[in-house]
Amino acid sequence: MKTRYSYGGDEHIYVEVDEEMSLDAFFISLSMSNAVREANIPGVTEICPANASFEVRFDPDVIAPADMMERIKELEHKAETAEKRLSTRIIEIPVFFQDPWTHETLMRFRERHQDPSGSDLDYAARINGYDSVEAFIEAFHSQPWFVSMVGFVAGLPFLYQLVDRDKQLEVPKYLRPRTDTPKQTVGYGGCFSCIYSVRGAGGYQMFGITPMPIFDPEQEVSYLKDFMVFFKPGDIVKWKPIDQAEYDRILKEVEQGSYTPRIAEVDFDLDAFNADMTGFNAKLMEALNDA
Amino acid sequence: MTLKIVKPGLATSIQDLGRPGYFHLGIPEGGAMDRLALRAANLLVGNPEDAACLEAVFMGPEITFDKAASVAITGGEMPILVDGEPKESWTSFTVEAGQTLSFGFLKSGARIYIAVSGGIATEPALGSRSTYPIGALGGFHGRNIAAGDEVPVGEGALVEEGRTVPADLRRGPGNPAELRVLTGLYWYRLTEKSGEAFFNDTWTVAPEADRMGYRFRGGLPMEFVEREQPFGAGADPSNIVDGCYSYGSIQVPGGSEPIVLHRDAVSGGGYFTLGAVISADMDLIGQLQPNTSVKFIKVEMDEALQARADRKALIEKIRKELV
C-alpha cells in the first residue's frame, strides 16, 4: 500500500491509503480517521472516512495546513501498528429482491443499460459467471458486508462484501445514469453495494428494495429518533431475502412505529477474519441469529 | 411577522452559514453560495451575521410584508422595487406593512441575498435553517419557497434607512472571472501537458450550474497517466475507488468537463479530482452566470492563505462600517 497525502484546497487534507479497494485499505482509513478524532486536534471540523481513503476538514485560521498535515502523518504509524480490531454492530437488512418497483424503474431506463434485453440482475448474474439469478442473489446475501463509507447524499451507505478478492462481485454502473431510483433501492456498482437513502438519480444496477427506512429528516421512524441517519462507517450488514408478504408486513410495522431492526454488538478482527473468512463470518451471523 | 410569497422566483431558498459537521454522513454544509454577501446583508439590517436570509438565483421573488421591517439586498445586481419604487442594493431600506418587494431583471452576478430585520425564523435542522432539498432538510419544510408560502420572520427592530456597504467593499467576479486553484488530490492522474492545458485554457460556465456544483466547458479534453485501473475503481481512466470530495474540488468525469463542487456538494464519489478552488474564491463562483468566461489560476498554499486573510480583512472592514 502506498499512502498519498495531499491538500484539498486550503481547508482539507486528503489521504489516499491505497489506489485499489481492499479490506486492509478500508481498515487503515477507518482507524486513521478514528485516531484523528481521538487526537482532538484543535481546528478540525469534519472527519470523513471513505472506502480506501479519508479526508479531514480544518480551519486554517486555527491550525496551519502544514501543521495539520504533520499531525495526521504522525498518526499513520500508530494506525499501522494498532490492532486491527473494531467494536461494531451487525444489522440484518431485509431485502425484497426482484421487486415490482425497481423492476418498473429499470424497464423505464432500459435504453441506458448495457443489456436492454434482460433485467439488471440477469445481467449481473451473467457477467459474474452465475448460472441463474437465484445463484447470484445467494452469493450476494449469504456473506455479510462492511459499510465502508456513508455519503454521496444524506445517509447513503456503500457496502463492501466480506469475502476474498476472487469472490467479489463486480458490475459496471449504468451506461448513462437514471434520473430516478426508488427510495431504499439496493443497488450495485463496481465492487460496492449501496442503499439509496432517498429517491433520486442513480447509476447503480438495481437488485431489490428494503422496506426499512435508513434516513428520516422528520425523525418519525422509531429507530431514527436519536439521529436521522441510520448507518455509520464500520457497521456490518447481513441481507435477508424476503417476499412481498413480509415486505408489506415490515412496511406496516415501520408505519406503526413497532419495527425494530435486528442488531447484535460484535467485534471484528481483521487478522482473524483473514485467517478464516467463512468461519469468522459464520460467527458474526450466529451473533445476529441470537439477537 | 411573516413574508407572504407571491411569486417564488426561479429557485429561492432559505440560507444561513450552513451546517458543518455532517459531511461524513453525506449531509453537506450548505449555506449561502456567496457568504460575504449574506453576512453584509445581515449586518445592514442589524441581524447577527449568520441569520437566515433568502437566496434567489437569476430571478427575484415577489414578497408582501404583513409588518414593517428593514430590508437589505446584496450580492448580484438586480433592480429592487418596493410597490414599484426603486431602491438601492447593498443599502438598508424600510418596507412598510402591506407593501410588496419585487425585482427587475438580473444585471450582473447570479445570486441576491434578501435580509429582513429579525431574520428568517423557520425551524432549524441540525443547527441550521439552510435548505437542503435532496435530504428534505431545513428551508421551508425541507424545500425551496413556493407561491403562497408564509415564511416566518423573527423579532427585530427597524434600523435607519440608507446604511450602506461602500462600493469598494463589495466583491464580485471579474470578466473573465479568475478562480484560484491549489492542485492536489488526484492531480497525479493527469499528464503534465494536460495539467498545464487546464490552466492555460479559457473555460465558460455551463448551464448545469447550481448549488451542488458548477460545470465548465470549452477547454481541451484531458489526458491521463496510463495505468491499469485499480480493483474497485471502475473502467474509465477518470474513475477512482469512491472517496470523499472536498468543497471546491474539481472533478472531471470522463476528462471532458470540469465540475467545481459547491456548498450542497455530494460528499463523495468515483471521479478523480485535480485540486480545489481556494476557500477565498468560493463566494465568487456563486455569482457566476452561465456563459461567463473563467480562467483557473494555479496558486500555492501561502497565496491561498493570504487570499483567505484578505477576505477576512474585507469582512472586518464591512463590520467596522456597519456596527
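Residues numbered from 1 in each chain as written. Chains lettered and ligands numbered in written order. Predicted model: local features only at pLDDT ≥ 70, side-chain atom pairs only at ≥ 80, totals over all residues. Heavy atoms only, no water.

Within an unreviewed UniProt entry, the label attached to chain B reads Biotin-dependent carboxyltransferase family protein, and the organism entered is Pseudodonghicola flavimaris.

Named according to an unreviewed UniProt entry, chain A is Allophanate hydrolase subunit 1 originating from Pseudodonghicola flavimaris.

**Thoughts on the pattern of salt bridges**
Residues and elements named next belong to chain B. A complete count under the given rule lists 40 salt bridges over all chains for this structure. The partner of glutamate 62 in a salt bridge is lysine 7, and the shortest N-O contact between them spans 3.6 Å. In this pair, glutamate 62 is assigned in strand 4 (residues 62–65) and lysine 7 in strand 1 (residues 2–7), connecting sequence segments 55 residues apart. Relative accessible area serves as the criterion here: at 22%, glutamate 62 is assigned to the partly exposed category. (Salt bridge = Lys/Arg side-chain N within 4 Å of Asp/Glu carboxyl O. Helix = DSSP H or I, 4+ residues; strand = E, 2+ residues; numbered from the N terminus. Buried < 20%, exposed > 50% of the residue type's maximum accessible area, 1.4 Å probe, protein only.)

**Let's talk about the UniProt feature "domain: Carboxyltransferase" (unreviewed entry) in chain B**
The feature "domain: Carboxyltransferase" (unreviewed entry), as given by UniProt, occupies residues 24–314 of chain B in the numbering adopted here. Taken end to end, residues 24–314 of chain B is 13% helix and 31% strand, and its first and last C-alpha atoms sit 31 Å apart. (UniProt positions renumbered as here; feature names shortened; annotations may be inferred.)

**Quick word on the side chain of serine 70 of chain B**
All names here are of chain B. Looking at where serine 70 falls in the secondary structure, it is placed in strand 5 (residues 69–77). Looking at serine 70, its side chain comes within polar contact range of the main-chain nitrogen of valine 159, at 2.9 Å. Each residue touching serine 70, except ones within four places of it in the same chain, is listed here: Val45, Phe93, Ala115, Val116, Ser117, Leu158 and Val159. (Polar contact = N/O pair within 3.5 Å; in protein donor to acceptor, adjacent residues only side chain to side chain. Contact = heavy atoms within 4.5 Å.)

**Here's the deal with the sheet that holds strand 1 (residues 4–8) of chain A**
Residues and elements named next belong to chain A. Ordered by their spatial adjacency, 4 strands build an open sheet running 1-2-4-3, and the pairing between neighbours is antiparallel. Two strands lie at the open edges of the sheet, namely strand 1 and strand 3 (44–49), each paired on one side alone. Sheet twist, expressed as the average angle between the axes of neighbouring strands with direction ignored, equals 15°. (Pairing = 2+ DSSP bridges. Axes fitted to C-alpha atoms, helices over the stretch in contact; angles between N-to-C directions.)

**Some words on the packing of aromatic side chains**
One pass over the structure, following the stated rule, counts 37 aromatic pairs over all chains. Ring centres 5.4 Å apart and planes at 80° place the aromatic pair phenylalanine 140 of chain A and phenylalanine 207 of chain A in the edge-to-face group. Pair noted here: phenylalanine 140 of chain A is in helix 5 (residues 133–142) and phenylalanine 207 of chain A is in strand 10 (residues 205–209), with a separation of 67 residues, a long-range link. Exposure class is identical for phenylalanine 140 of chain A and phenylalanine 207 of chain A. Each is buried. Taking the centre distance of 5.8 Å and the plane angle of 50° together, the rings of phenylalanine 198 of chain B and tryptophan 203 of chain B count as tilted. Of the two residues, phenylalanine 198 of chain B and tryptophan 203 of chain B, neither departs from the other in class, the shared state being buried. Taken together, the aromatic side chains of Phe97, Tyr130, Phe136, Phe140, Trp145, Tyr188, Phe207 and Trp239 of chain A make up a single cluster linked through ring pairs. Directly above the ring of phenylalanine 230 of chain A sits arginine 89 of chain A, whose terminal nitrogen or CZ lies 4.8 Å from the centroid. (Phe/Tyr/Trp six-rings, centres within 6.5 Å; stacked < 30°, edge-to-face > 60°. Lys NZ or Arg CZ within 6 Å of the ring centre and 35° of its normal.)

**Some thoughts on the packing of helix 1 (residues 23–39) of chain A against helix 2 (residues 65–81) of chain A**
Residue and element names in this part refer to chain A. Their axes nearest at 9 Å, the elements helix 1 and helix 2 cross at an angle of 125°. Regarding the angle of helix 1 to helix 2, the classification is oblique. The two elements helix 1 and helix 2 meet at a crossing, and its hand is right-handed. Listed contacts from helix 2 to Ser31, Met32, Ala35, Val36 and Ala39 of helix 1 are Arg71, Ile72, Leu75, Glu76 and Ala79. Of the residues belonging to the contact of helix 1 with helix 2, the class tally is 7 nonpolar, 1 polar and 2 charged. (Parallel < 35°, antiparallel > 145°, perpendicular 65-115°, else oblique. Left-handed = near helix turned anticlockwise from the far one by under 90°. Nonpolar A, V, L, I, M, F, W, Y, C, P; charged D, E, K, R; others polar.)

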